[in-house]
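One letter stands for each residue in the lines below.
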Amino acid sequence: MESFRLGLATIFLFLLFAVPSLHSTKEDPAAYRTYIVFLSPPADADAMSRSAHRQWHASFLPSTLTESGETRLVCSYSATFHGFAARLTEAELAAVAKLPGFLRALPDGKRELLTTRTPSFLGLSKDEHRFWSDAGYGRGVVIGIVDTGIYGKHVSFREDGMPEPPARWKGTCTGGEESMCNRKLVGSKSFVGDYDPEDDVEGHGTHVAGIAAGNFVEGASLPGGLGPGTAAGIAPLAHISVYKVCTGDEDERNPCPDSSISCGIEEAVHDGVDVINLSLGSKANLSFDMDVVAIGAFNAMAKGILVVAAAGNSGPEPATVSNDAPWMLTVGAGSVDRRLDAEVEYGSTTIVVGEALHQDPRSEGQYPLVYTDQEDQDTCHDVSGDVAAKMVICKNVLDTEAQASIIKTLQYKGAAGVLLIEDEVDGYTTTLRDDYDGYNVMQIDSFQGRGLMDYAKSTLQPTARVSFNGAVLGVQHSPTVASFSSRGPSQQSRGLLKPDILAPGLNIISASAASTGSLDSWSSRFRVMSGTSMATPHITGVVALLKSAHPDWSPAAIKSAILTTADPLDNGGGPILDEQHEEAAFFAMGAGHVNASKATDPGLVYDIGARDYASYICGLLGENALKTITRDQSSTCSEVGIIPEAWLNYPTIMVPLKQTPVTVPRTLTNVGPAETYTASVHGASGMDIRVSPDTLVFSNPGDKKTFNLTVMVNGGGVHKDGDFLEGSLVWVSTKHLVRSPIVAVVGLPDHGL
């Protein structure tokens, strides 16, 4: 399921008088739409209570209700920006725009959902790794899940072994009389009409919450007993607060409106969450000062709250990454080393290894094959002839609803099962789906599928033997980048590497929400979902662990620790591969695959404060954007300074690809013992990378040292995936490796570097 894209704007709105002219305006109710309004705050805005803010915002509107009876005021903002969201006609908005203090209004945008084994795959185990226990399994941390809601009755959200929420916690539950709030689920609120926050029709939020912080569940498995084991979220003793901002109804015109998402983030900041998970995204490609989610995330960061967000599911096309502001932690999706193994043997000796969610031993055996290599028939869209008791080979049509309909038709015709061949663009990525109602469907990657289809076409009476092997662990070339995971470069900030990091997002097992049948029958059920939506809560859980272990670390320090300790290699010791099994570019995997156990002890971090980001904003977008994003109308670029993108103290490094030297500064902060670090650089052929000084001596925690990195290209070719070259910088001590990717890009503005 596709990951979500979010939008957030919060600029406070203050009015000292009513607007009589607005009250007399008569408009067709159909002309109403939601606008997010940004205003310049009065001097004492931060001292006002939330109720005072809301009263002033309400007094700004022509009436409490629209003519169709809807409440006008959708949300009142004060923590993430100054302003409000309201239902207005164009004429009413025009009148509002003439009032003192008005800055701008943005029409409500649309975001999408971007949607066991993984804790141990990330280096977390009850028995083998002390970091999980040393970090208290996330104890004392509250994770804000901004999503479709939650099915609170699921066993993953029971309170067994959970401590009380921290004393500073202000959140509440509004799930009604049936609310399942407890010491695990400490908050639930809805920002989409009258929808219950603990009614998760889509199941997306439930799955995401289970990945981030589901409690320990022994004997968990998929229906049929597949993938058995002890299920746990990445931070199993962290608390969860859920903010329902999506209806889960894809038939609605805007199931995940920006106004609801921004309001959810606003509320999460007020409640006192420690980290926000945003498994939502947008294809709108908005400038940061026009993106209410990016604005909200900035002001959450300024209050010490890191927003972890999905990179998007528009891969493998380049320049498709979303949620790409540098103050957000942007997550791409990779595979895990588990396969729900199903084998097809054909031609006596050739074995194809696929995957199947439904593995009934009674379905094993030899079957005749059916495959028609004709238009509309290779996808089984219009299969003719007898398919009863036969295995039908079909190409994936990519439209999930259409695919489910095709498979149901074949089941109705009596086919023994379907061998579903993935699209060539997906390469070795096999994205399992659980909407085939337990039917015998085996999914096979495109590389192996070619041989199977060729055999079926060239053989008079083709047959194949089907067998199932359950969950197989230790699969080689893990992780690989999932085909759907969105790629960089960022379109809004080309001088910064995005996505930031890779995490498990392919065929992830987590909590399932009730949708049909008895509620009790769903209380312990698990399901498989895929997407950067699923990768994001893995990182959110790691952030929670780091917040628990290092409560004094800033959001940027936590991000740096995760990025500089990431693994650039797979479980076989080779480079991480993409969906075509070619070496993955940094634009696909960021700094590499997260390693949670290493992130707690990075040695050094690249720290960044709100003022540093302000200088970056001035260099990228100018002073008006600075005022909008920081919600400070008195701030100026002459005060905060102006730096080019490449000078931001980011843990990854991007520079223009030039034959003349390009130099960028970086500053490291010691968060470990006294140590001496030596720079080690690696680059593609033709890259000349130099560091000055190349030795840094740290005597005490908190010590800061600045260095310059210079890149020059002397001939050689560019990367297979585009006009860029890659290298790396590693600071090496006796105990630590602090690694930063380096990307030199053709055509990147040099800003005088």
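Residues numbered from 1 in each chain as written. Predicted model: local features only at pLDDT ≥ 70, side-chain atom pairs only at ≥ 80, totals over all residues. Heavy atoms only, no water.

Rule in force here: UniProt positions are given in the numbering used here, feature names are shortened, and annotations may be inferred rather than shown by experiment.
In the annotation of an unreviewed UniProt entry, the protein chain is listed under the name Peptidase S8/S53 domain-containing protein and assigned to Eragrostis curvula. Database annotation for the protein chain, UniProt heading Sequence similarities (unreviewed entry): "Belongs to the peptidase S8 family." Here is the UniProt Subcellular location (unreviewed entry) comment for the protein chain, exactly as written: "Secreted".

**Considering the nonpolar core**
Put simply, the rule is: Only buried residues count toward a nonpolar core. Its members are Ala, Val, Leu, Ile, Met, Phe, Trp, Tyr and Cys residues joined through side-chain atoms within 4.5 Å. Three labels apply to residues, based on accessible area from a 1.4 Å probe with only protein chains included: buried if under 20% of the type maximum, exposed if over 50%, partly exposed otherwise in between. Secondary structure counts use DSSP, requiring at least four H or I residues in a row for a helix and at least two E residues in a row for a strand, with both numbered from the N terminus. We call two residues in contact when some of their heavy atoms are within 4.5 Å.
Core analysis: the biggest nonpolar cluster contains 61 residues, and L329, I501, I539, V543 and I562 have the highest contact counts within it. For this core, the element with the highest residue contribution is helix α11 (residues 532–549), accounting for eight residues. With residues up to four places along the chain from it excluded, the contact list for I562 reads L329, I501, I539, V542, V543, L546, V594 and A599. Residues V307, A625, I643 and Y650 belong to the second largest nonpolar core, which totals 57 residues.

**Considerations on the pairing of strand β11 (residues 239–244)**
Put simply, the rule reads: When DSSP finds two or more bridges between two strands, those strands count as paired.
For β11, the tally of buried residues reaches six of six residues, placing the bulk of the element in the interior. What you see with β11 is no split at all: H239, S241 and Y243 on one side and I240, V242 and K244 on the other are buried throughout. Across six bridges, the pairing between strand β7 (residues 142–147) and β11 is parallel. By the bridge assignment for β11, V146 is matched with Y243. Sheet topology places strand β8 (residues 185–190) next to β11; five bridges connect them, and they run parallel. Following the sheet pairing, S190 is matched in β11 by K244.

**A few points about the packing of aromatic side chains**
Definition in use: By convention, a stacked pair of Phe, Tyr or Trp rings (six-membered ring in the case of Trp) has centres within 6.5 Å and planes under 30 degrees apart, an edge-to-face pair has planes over 60 apart, and any other such pair is tilted.
Tallying each qualifying case throughout the model produces 15 aromatic pairs. Ring centres of Y77 and F81 lie 4.3 Å apart, and the angle between their planes is 35°; this geometry places the pair in the tilted category. Looking at F81, the relative accessible area reads 0%, which means it is buried. Considering the side-chain rings of Y137 and F216, the 5.7 Å spacing of their centres and the 85° angle between planes classify their relative orientation as edge-to-face. Residue Y137 is located in the loop between α5 (130–134) and β7, and its partner F216 is located in the loop between α6 (204–213) and β9 (217–220); the two are separated by 79 residues in the primary sequence. Given a relative accessible area of 15%, F216 falls into the buried group. Through pairs of rings, three or more aromatic residues link up here, namely F288, F298, W327, Y613 and Y616.

**Regarding the sheet that holds strand β3 (residues 73–77)**
Put simply, the rule is: Angular values range over 0 to 180 degrees, each being the angle between N-to-C directions of two axes fitted as lines to C-alpha atoms, with helices fitted over their stretch in contact.
Ordered in space as β3-β4-β2-β5, the four strands form an open sheet in which the pairing is antiparallel. At either margin of the open sheet sits one strand with a lone partner, and together these are β3 and β5 (102–107). Taken over all neighbouring pairs, the strand axes of this sheet differ in orientation by 25° on average, direction set aside. Lying on the sheet, helix α2 (residues 50–59) is in contact with β3 and β4 (83–88); it crosses β3 at an angle near 135°. Of the strands in this sheet, β2 (33–39), β3 and β4 are in contact with helix α7 (residues 258–271), which crosses β3 at around 40°.

**Points about unusual backbone geometry**
The omega torsion across G488 and P489 is 5°, close enough to zero to call that bond cis. Tracing the chain through its elements places P489 in the loop between β22 (463–473) and β23 (501–504). The residue after S692, namely P693, is reached through a cis peptide bond having omega -10°. The backbone phi angle of A319 is positive, close to 55°, even though this residue is not glycine.

**Observations regarding the state of the cysteines**
The condition that has to hold: Two cysteine sulfur atoms make up a disulfide if the distance between them is within 2.5 Å.
Under the criterion given, the structure shown has five disulfides. C173 shares a disulfide with C181; S-S distance 1.8 Å. Sign of the S-S torsion, about -95° for the bond between C173 and C181, identifies this disulfide as left-handed. The class for C173 is partly exposed, based on a relative accessible area of 31%. Overall, C181 belongs to the partly exposed group, its relative accessible area being 26%. C380 shares a disulfide with C394; S-S distance 1.8 Å. Taking the sign of the S-S torsion, -100° for the link of C380 and C394, the bridge is left-handed. Here C394 lies in strand β19 (residues 391–395) and C380 lies in the loop between β18 (365–370) and β19, a separation of 14 residues in the sequence.

**Here we look at the layout of surface pockets**
As a reminder, the rule being used: Buriedness of a pocket was judged along seven lines, with at least five required to meet protein on both sides within 12 Å; pockets are open sets of points on a 1 Å grid over the protein atoms alone, cavities are sets where a 1.4 Å probe fits but cannot get out, and lining residues have an atom within 4 Å of a point. Grid points are joined across faces, edges and corners, and a volume is the space filled by probe spheres set on the points. Classification used: nonpolar for Ala, Val, Leu, Ile, Met, Phe, Trp, Tyr, Cys and Pro, charged for Asp, Glu, Lys and Arg, polar for all others including Gly. These domain limits were set by an automatic method or by a database of domain assignments.
A volume near 850 Å³ is recorded for the second largest pocket. At the level of secondary structure, the elements contributing two or more residues to the lining of the second largest pocket comprise β2, α2, β3 and α7. Here the element with the most residues in the lining of the second largest pocket is α7; it accounts for five residues. Split by residue class, the lining of the second largest pocket holds ten nonpolar, ten polar and ten charged. Looking at which domains feed residues into the lining of the second largest pocket, each of domain 1 (33–107) and domain 2 (119–332 + 479–600) gives three or more.

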